[in-house]
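Structural features, examined
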Amino acid sequence: MVDKNTLLLNFKDRIPSDSVAAFKESLDKADDETLEKIMLLSIKNPLVGLLLSLFLGVFGVDRFYKGDVKLGILKPISFFASYILTLIFATAYLDSGDNGFAILTFIFGVILIATLIWCIVDIFLVYFGIKKDNLSKIYSVLQK
């Protein structure tokens, strides 16, 4: 038999804080078989996602951990492609003085800055997104 209070304490930090009361009510209504299924769920730790975002976010590791494979691939490609192209066109502009290279440097520089802003915003999106995904997994079991 699974203790509902222990289950609530285990998942309290892994779901959105505004959903804890509703989650407790759902646990009170659930039978023992459903509670055991919830205990066996693969619930991700949002703190791990936060640390991955802080230290390896540019490489897309945080998005892979969350389960967003496409964004996990797009994030490092956009960062490194814009970084390399900005360096190439900036060097070409400094060597030749051609304004076409200056415009391309500016464009890829803006894309690089946008990607860096995306990485910073993604710190929060991944952290809270993992909590929402965990809650969705739990509710999918509770509704069966």
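Located above this text is the structure these notes cover.
I will try to describe carefully the structure that is included in this document.

The rules behind each value
- Residues numbered from 1 in each chain as written.
- Predicted model: local features only at pLDDT ≥ 70, side-chain atom pairs only at ≥ 80, totals over all residues.
- Heavy atoms only, no water.
- Buried < 20%, exposed > 50% of the residue type's maximum accessible area, 1.4 Å probe, protein only.
- Helix = DSSP H or I, 4+ residues; strand = E, 2+ residues; numbered from the N terminus.
- Arc of directions from axis to C-beta.
- Contact = heavy atoms within 4.5 Å.
- Polar contact = N/O pair within 3.5 Å; in protein donor to acceptor, adjacent residues only side chain to side chain.
- Core = buried A, V, L, I, M, F, W, Y, C linked by side-chain atoms within 4.5 Å.
- Salt bridge = Lys/Arg side-chain N within 4 Å of Asp/Glu carboxyl O.
- Axes fitted to C-alpha atoms, helices over the stretch in contact; angles between N-to-C directions.
- Parallel < 35°, antiparallel > 145°, perpendicular 65-115°, else oblique.
- Left-handed = near helix turned anticlockwise from the far one by under 90°.
- Nonpolar A, V, L, I, M, F, W, Y, C, P; charged D, E, K, R; others polar.
- Expected span 1.5 Å × (residues − 1).
- Phe/Tyr/Trp six-rings, centres within 6.5 Å; stacked < 30°, edge-to-face > 60°.
- Lys NZ or Arg CZ within 6 Å of the ring centre and 35° of its normal.

Glancing now at helix α4 (residues 46-56). Listing the buried residues of α4 in full gives Pro46, Gly49, Leu52 and Ser53. Angular distribution of buried residues about the axis of α4 spans 115 degrees; they occupy a single face of the element. Contacts from the buried residues of α4 go to α5 (61-66) and α7 (99-142). Capping the start of α4, asparagine 45 holds a side-chain oxygen 3.0 Å from the backbone nitrogen of leucine 47, two or three residues further along.

To continue, consider the nonpolar core. Ranked by internal contacts, the top residues of the largest apolar core, which has 16 residues, are Leu7, Phe11, Phe23, Leu27, Ile38 and Ile138. Secondary-structure elements contributing two or more residues to this core are α1 (4-11), α2 (20-29), α3 (32-39) and α7. At four residues, α7 tops the list of elements feeding residues into this core. The contacts of isoleucine 38, once residues within four sequence positions are left out, are Leu7, Phe11, Leu27, Ile138, Val141 and Leu142.

Here we come to the pattern of salt bridges. Under the counting rule described, the total for this entry stands at eight salt bridges. The residue lysine 66 makes a salt bridge to aspartate 68 at a minimum N-O spacing of 3.4 Å. Take lysine 66: its relative accessible area is 13%, and that puts it in the buried class. Between lysine 75 and aspartate 122 there is a salt bridge; the shortest N-O distance is 2.8 Å. Of the two residues, lysine 75 sits in helix α6 (residues 69-96) while aspartate 122 sits in helix α7, which places them 47 residues apart along the sequence.

Right, let's get into the side chain of threonine 105. The residue threonine 105 is located in helix α7 in this model. Of the polar contacts made by the side chain of threonine 105, one reaches the backbone nitrogen of alanine 90; its length is 3.1 Å. Those residues in contact with threonine 105 that sit more than four places away from it in its chain are Thr86, Phe89 and Ala90.

All right, on to the packing of α2 against α7 then. Where α2 contacts α7, the two axes come as close as 11 Å, and the packing angle between them is 25 degrees. For the element pair α2 / α7, the angle class is roughly parallel. Of the two possible hands of crossing, α2 and α7 adopt the one that is left-handed. Residues Ala22, Phe23 and Ser26 of α2 touch α7, and the partners they reach there are Ile138, Tyr139 and Leu142. Here the residues of the contact of α2 with α7 are counted per class, giving five nonpolar, one polar and no charged.

Let us now look at α6. Over its 28 residues, α6 extends 40 Å from the first C-alpha to the last, a length consistent with the 40 Å expected when each residue adds 1.5 Å. Where α6 is concerned, the buried positions are Gly72, Lys75, Pro76, Ser78, Phe79, Ser82, Thr86 and Phe89. On its buried face, α6 is in contact with α5 and α7. The positive-phi residue at the C-terminal boundary of α6 is glycine 97, with phi of around 80 degrees.

Turning our eyes to something else, we now look at the side chain of serine 19. With respect to the element layout, serine 19 can be found in the loop between α1 and α2. In this view, serine 19 contacts Leu135 and Tyr139; residues no more than four positions away in its chain are not counted.

On to the packing of aromatic side chains. Under the definition given, this model contains seven aromatic pairs. A centroid spacing of 5.7 Å and a plane angle of 10 degrees characterise the contact between phenylalanine 89 and phenylalanine 108, whose relative ring orientation is stacked. Taken together, the residues span a long stretch of sequence, with phenylalanine 89 in helix α6 and phenylalanine 108 in helix α7 at a distance of 19 residues. The buried category is assigned to phenylalanine 89, whose relative accessible area is 17%. Among the aromatic residues, those joined into a cluster by ring pairs are Phe59, Phe79, Phe80 and Tyr83. The ring of tyrosine 65 is capped by lysine 44, whose NZ or CZ atom sits 5.7 Å from the centre of that ring.

The values are spatial; any link to function lies outside them.
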